[in-house]
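Tertiary structure, described
Below, each chain spelled out in residue letters.
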Amino acid sequence: MRFASHPHDFALIAIILGMPLLGAFVNGLWGARLGKRAVRLMALLAVGSSFLASIAAFVALAQTTAESGDGQGKLAWTAWQWMRTTSGQGAVVAIDVKFSIDALSGVMMLVVTGVGFLIHWYATAYMANDSGFARFFAYLNLFIFSMLVLILADNLPVLFVGWEGVGLCSYLLIGFWYEKSANASAGKKAFIANRVGDFGLLCAMFMLLHYTGALDWNGIANGATSLVHPGDPFRVHVWPIGGGEYTGMLHFLQPARPYTISAATAIGLSILLGCTGKSAQIPLYVWLPDAMAGPTPVSALIHAATMVTAGIYLICRLSFIFVLSPFTMMAIAIVGAATALLAATIATVQNDIKKVLAYSTISQLGFMFLGVGVGAFTAGFFHVFTHAFFKACLFLGAGSVIHGMHARIHDDEKAQDIRNMGGLRKWMPHTHKTFAAATAAIIGVPLTSGFFSKDEILYRAYINHSVNPMARLLKGVRLYEPPEWLGPVLFWIAVLAAALTSFYMCRLYFLVFWGDFRGWAVGRPSQAAPEEIHGNADLHDSHGDDLMRPGYAPHESPWQMTVPLIILAAFSLFAGVINPGFHLMAEPPLEHWLHPVFADALADSIHVRSRAAYFEGFSAAVGFMAFAVGSIVAWWAYVAQGGQPTARLAGAFPRLYGLVRDKWRIDELYDATVIAQVDSLAETASVFDSGVVDGLVSKLTSLVVATAGSILRVLQNGVVQMYAAWMVIGLASIGWFFAVPHAQATVSGADSEDVIVSAAPGVGYAYRWDANGDGRPDTPEFSAYPTLKMHLTPGQVVNVTLEVKNAFGFVATRVISVSMPHAPTSSL
Amino acid sequence: MISLAEAYFFLCAFVAVVGSLTVVASRGPIRSAMGLFLVIVAVAGLFLPLHAQFLAAIQFIVYAGAVVVLLLFIIMMLGPDAIPASDRRGLFARVLGASVFIISGTFALALSNHALSALHSSFPQPKMEASFGGIDSFGMILFTDDVVPLELSAALLLVAVVGVLAVAQGHVNGSGKVLADLRATARRAALRADEARGRST
Amino acid sequence: MISVEHYVALSSILFMIGGLGFLVRRNVLVALMSIEVMLNACNLAFVAFNRARISPVSASAYGGASHAGQIFAFFVIAVEAAEVAVGLAIVLAFYRLCSTVRSDDANHLKN
């Protein structure tokens, strides 16, 4: 059965996009009135039908790909015409709201809708007792819609719409329980950090339009050669900024030669800024740990599986741009590796279960950035794919744990503290098993999905070396190349991060599920009234006499929460089959599938180190060692020794321990530098506003008006005769005006040779003209004829005297000069 | 030898001027009212040679017979308060206004005479119909050509009657306190003014 | 001969005296009476001009010479009578309020 009969008008995309939007709309507007069951049905239906439609679309895409000769299948659908603009070269660029599915976005679409559906299902049980149930699912559906817009966009503006949309939904959902101001602040922090990144993306869009003349993927690819053109109009001038020259007083700033970078580098770095914002890398990662203030399904969906991977998706999408600038590739790889290591160090000492997972997410995103930064786009994207499953499973499992803990400890913060947990595997078997499976995937237990994806990245980091693919065309131009030692350095940093990942994830697992439960003594129900201390994860309607039982223990979650966990755990374990490394398959399915997408990018841009096959076994062994060392140390420290060695280590270096636990005080650094400057700017503006603007505009104008008023008030003394006196004066002036004649005349028709001079009329006026300028009037008596006709030759100037006599016998005189200019010599 | 018409004119003019000066310059309002009466009588007399017999009669009846009488009623009702003590406040404004008025008036008179004399018109005109200015012609015109102003002025008189009733009424309910406040303030101001310049009768 | 200029001159003199009285005197009753004098002067001017036939004969139902000036003076008398009545009512109310008939004291609207 053929699914896609019109690859260019594939309207199923409208269903894929429209169902979540419809769900958001209905739940948002009428959710409160419809009731929880209807809202649940609508939300699940929306995402579920979108998922089914995605599967159908994927099948259609596979068919189209098989049919097309070059193995590049694409299904497109244009919603409507958006705008027309002009590019840097003056051509008209059409930007339409157009969506397309190709190999890359097809896979991503399945991940988003599939994992999204499972998380929706989970959330129907998790948020069952929340008063904002309808609002939650409206936002969640809206998020799925925005994410799909981002993924399926065929050009950058539509992608940006989706980009902003997911940022908005992230803000709404992080601050979902907005009554607590800490949650609202976390939402704001996320949005603002994203905004800083969006600035980079916008600059990149403008530069792309200017240099390549297009904003859709095909158009950018066609114009990509102009991004590396060595000619001056195609270079971005960094110093002096924007080109030009520093003269005069600023001459000392002028460099010997202007410093320029290629447009590809500028665009790549700008997009990198945007991606660090969205995907939580250095320097804009600070919002992700705070975003854990939102409900756990939100953390799972947005901050683990889908939204934070949008940055890597964009880099994969524009891979052919990034490879044009090896400098940018190096920057991406360094940022990724550094972030991976930094976040891993912080995660080792965190005590909140969600914070550990948040830093783990940042660290894994760093791995993905490292993957795409060294040119292993398929490997990086594969890690996105597997990370979605195991991180979602981890977060949902954490949610299940919190749900169980909250019934026991009615305190938001203490219920998430792993120091109060322990031994939960005997009460929560399903959660335990799925959490263990997902942990195995993330630390890289051999043959799990995470093992394959992470090892691929490590291997590629070692052997890949980026070069400029246009080197042949740009002979004679000095091109940047990353140093030779970059690969191994990145490799060892990534290995260290992997070891730390293994360590802290095992630490988390052992502290939560093994050992003895440490939460008996915390928050005894008898110590506080139940109504006061109910937090947000508490899903019990009533406790009855459960509270009074001293041995009340955490319990397993309902089936709507455990079944998604099981499905996700299965995927985490077995999804590696689509892209196994180590030559287990001749050509892994994912790599074959994504080959046409990255073919342009990978052509000539990656030089592989010599004797690469030798390093494959080496890197696999090192990766296995990292996993083994980390997990064994964790087991020894927390299970065998009961946590003593790490406590002693922390006691030996208290200041370092405090620094790492406080996330290296990066937030405080930002507060002291950037935010403090913004605050002082705001203060200055506020002082200016109240002092200068208020003082000048309001006080000065009111002063002027009051002064004028007090001057004029002297005239109003209330006495009628004073007013009458003023009236008399006014009357006398009017009378004088009418008693005296006024001689005015207008000249008309000056453009032709016949000129008419008309005198202004008045009561009882009589006129006497002197048209020939001889000083004597033409007629001895006054006539009532007010106009005078004259004939002029060009260039003649005549002074006409007008005498006006009114009924009282007064005469007024005026001399009018009438002239005609010479005709224009040439008529151009 | 001066003719009868001229003598009559100058007599009436003299009486009018004397009367108006009395109006303006008398200290007591009764004397001013008498001066006004003189003016009215003189002007009515001047209407007669201008063939405005009906108008002269109306002038006499309405003006002298009603308006002056009303004025006298009010003056007598006010009693001695109708003659306030005089002072020199606001002299500048009054003198300024008056002088501007007189100067411009003289100027206007001169101008108009100059203009009029240039038009060469004089009395007497050719014979006119006997009914000119009489009650027949007045009635005919008032009730055919100018009936609209007639009705409107009737309405105006009605409005004036209502207005007089409204304004000249006694104490209105509810405004007693406001009136009393204002009155007290005014009395205090008047007392202070009196003390300032010393009481003089 | 008594021509229209004489009447105009007399009317002007009366008007000026009346205006002078209004602007100078502070007793409101005398001010009102000065207005009367001014109005009478106007009436005189109207009737004099009507008699002098400065305006052409108008076609009217009456069929004779134009009486416009006299009609106007008639209405002036009517309106002025109404004005005197209302003015005196106001003077009376003012007297009841402030116990004075001096116009200087009627400055409640000052500033």
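A quick note: this is a predicted structure, and the numbers were derived from the prediction, not measured.

From N to C terminus, chain A includes 26 helices and twelve strands. A total of 828 residues make up chain A; the buried ones form 46% of that total. The contacts in chain A between residues at least 6 apart in sequence include a share of 77% that link residues at least 24 apart.

The number of helices and strands found in chain C is three helices and zero strands. Overall, chain C shows an N-to-C arrangement of helices and strands of α-α-α. Counting contacts in chain C only where the partners sit at least 6 residues apart, residues at least 24 apart contribute 53% of the total.

Residue and element names in this part refer to chain A. Taken in spatial order, the three strands line up as E7-E8-E10 in an open sheet, and their pairing is antiparallel. A strand with exactly one partner marks an edge of an open sheet, and here the two such strands are strand E7 (745-748) and strand E10 (787-791). Sheet twist, expressed as the average angle between the axes of neighbouring strands with direction ignored, equals 20 degrees. Pairing of strand E8 (residues 754-759) with E10 involves five bridges; the strand directions are antiparallel. Across the sheet, residue Asp 754 finds its bridge partner in E10, namely His 791.

Here the focus is the environment of Val15(B). Residue and element names in this part refer to chain B. As for its placement among the helices and strands, Val 15 is situated in helix H1 (residues 4-25). In this structure, the C-alpha to C-alpha distance between Val 15 and Val 43, residues 28 residues apart in sequence, is 9.1 Å. When near neighbours in sequence (up to four residues on either side) are disregarded, Val 15 contacts Leu 38 and Ala 42.

What follows covers the interface of chain B and chain C. Contacts between the two partners involve 79 residues from chain B and, on the opposite side, 72 residues from chain C. When residues of the side of chain B that touches chain C are traced back to their parent elements, those giving at least two are H1, helix H2 (29-47), helix H3 (53-78), helix H4 (91-118), helix H5 (135-143), helix H6 (147-167) and helix H7 (176-197) of chain B. At twelve residues, the largest contribution of residues to the side of chain B that touches chain C is made by H3(B). When the residues that make up the side of chain B that touches chain C are grouped by side-chain class, the tally is 52 nonpolar, 18 polar and nine charged.

Residues and elements named next belong to chain A. Bridge analysis of strand E11 (residues 797-805) against strand E12 (residues 811-819) gives nine bridges, and the strand direction is antiparallel. Pairing of Val 797 across the sheet is with Ser 819, part of E12. Connecting the antiparallel pair E11 and E12 is a turn made up of five residues, with Gly 809 showing a positive phi of about 90 degrees.

All right, on to the confidence of the model for chain A then. Residues and elements named next belong to chain A. Mean pLDDT for chain A: 83, with 93% of residues reaching 70 or above. The weakest mean pLDDT in chain A belongs to E10 at 75; the strongest belongs to helix H4 (residues 133-152) at 94. Segment residues 527-534 is flagged for pLDDT under 50; beyond a separation of four residues in sequence, or across chains, it makes eight contacts in the model. Within the model, the stretch residues 537-550 combines pLDDT values under 50 with 16 contacts to residues more than four positions away or in other chains.

Residues and elements named next belong to chain A. Pro 596 marks the point of greatest bend in helix H21 (residues 589-602), at about 65 degrees. Listing the buried residues of H21 in full gives Leu 590, Trp 593, Leu 594, Val 597, Phe 598 and Ala 601. Of the surrounding elements, those touching the buried residues of H21 are helix H3 (103-126), helix H12 (319-322) and helix H15 (377-408).

Bringing the nonpolar core into the picture now. All names here are of chain A. Grouped together as the largest cluster of nonpolar side chains are 221 residues, with contacts concentrated most on Leu 148, Leu 370, Ala 392 and Ala 494. Considering each element in turn, this core owes the most residues, 19 residues, to helix H19 (residues 486-513). Two domains each provide a minimum of three residues to this core, namely domain 1 (1-81 + 95-154) and domain 2 (155-246 + 258-521 + 556-661). Beyond its immediate sequence surroundings of up to four residues, Leu 370 is in contact with Ala 333, Gly 336, Ala 337, Ala 340, Ile 457, Ala 461, Leu 490 and Ala 494.

We now examine the sheet that holds E12(A). Residues and elements named next belong to chain A. Ordered in space as E9-E11-E12, the three strands form an open sheet in which the pairing is antiparallel. Every other strand in the sheet has two partners, leaving strand E9 (766-770) and E12 as the edge strands with one partner each. With strand direction ignored, the average angle separating the axes of adjacent strands in the sheet is 25 degrees. As judged from the five bridges shared by E9 and E11, these two strands associate in the antiparallel manner. Residue pairing across strands places Asp 770 opposite Thr 801, the latter belonging to E11.

Listed as interface residues are ten residues of chain A and, on the opposing side, ten residues of chain C. Grouping the constituent residues of the side of chain A that touches chain C by class yields five nonpolar, four polar and one charged.

Bringing the packing of helix H2 (residues 28-51) of chain C against helix H3 (residues 68-98) of chain C into the picture now. Residue and element names in this part refer to chain C. As a packed pair, H2 and H3 sit with axes 9 Å apart at the nearest point and diverge in direction by 175 degrees. Relative to H3, the element H2 lies roughly antiparallel. Side by side, H2 and H3 meet where Val 28, Leu 29, Leu 32, Leu 39, Cys 42, Asn 43, Phe 46, Val 47, Phe 49 and Asn 50 of the first sit next to Ala 68, Gly 69, Gln 70, Phe 72, Ala 73, Val 76, Ile 77, Glu 80, Val 84, Gly 87 and Val 91 of the second. Of the residues contributing to the contact of H2 with H3, the split by class is 15 nonpolar, five polar and one charged.

Scoring rules and cut-offs
- Residues numbered from 1 in each chain as written.
- Chains lettered and ligands numbered in written order.
- Predicted model: local features only at pLDDT ≥ 70, side-chain atom pairs only at ≥ 80, totals over all residues.
- Helix = DSSP H or I, 4+ residues; strand = E, 2+ residues; numbered from the N terminus.
- Buried ≥ 20, exposed ≤ 12 C-beta atoms within 10 Å, placed from the backbone.
- Contact = placed C-beta atoms within 7 Å.
- Pairing = 2+ DSSP bridges.
- Axes fitted to C-alpha atoms, helices over the stretch in contact; angles between N-to-C directions.
- Nonpolar A, V, L, I, M, F, W, Y, C, P; charged D, E, K, R; others polar.
- pLDDT = per-residue confidence, 0-100.
- Bend = angle between axes of the 7 residues up to and from the residue.
- Core = buried A, V, L, I, M, F, W, Y, C linked by C-beta atoms within 7 Å.
- Domains from an automatic or database assignment.
- Parallel < 35°, antiparallel > 145°, perpendicular 65-115°, else oblique.

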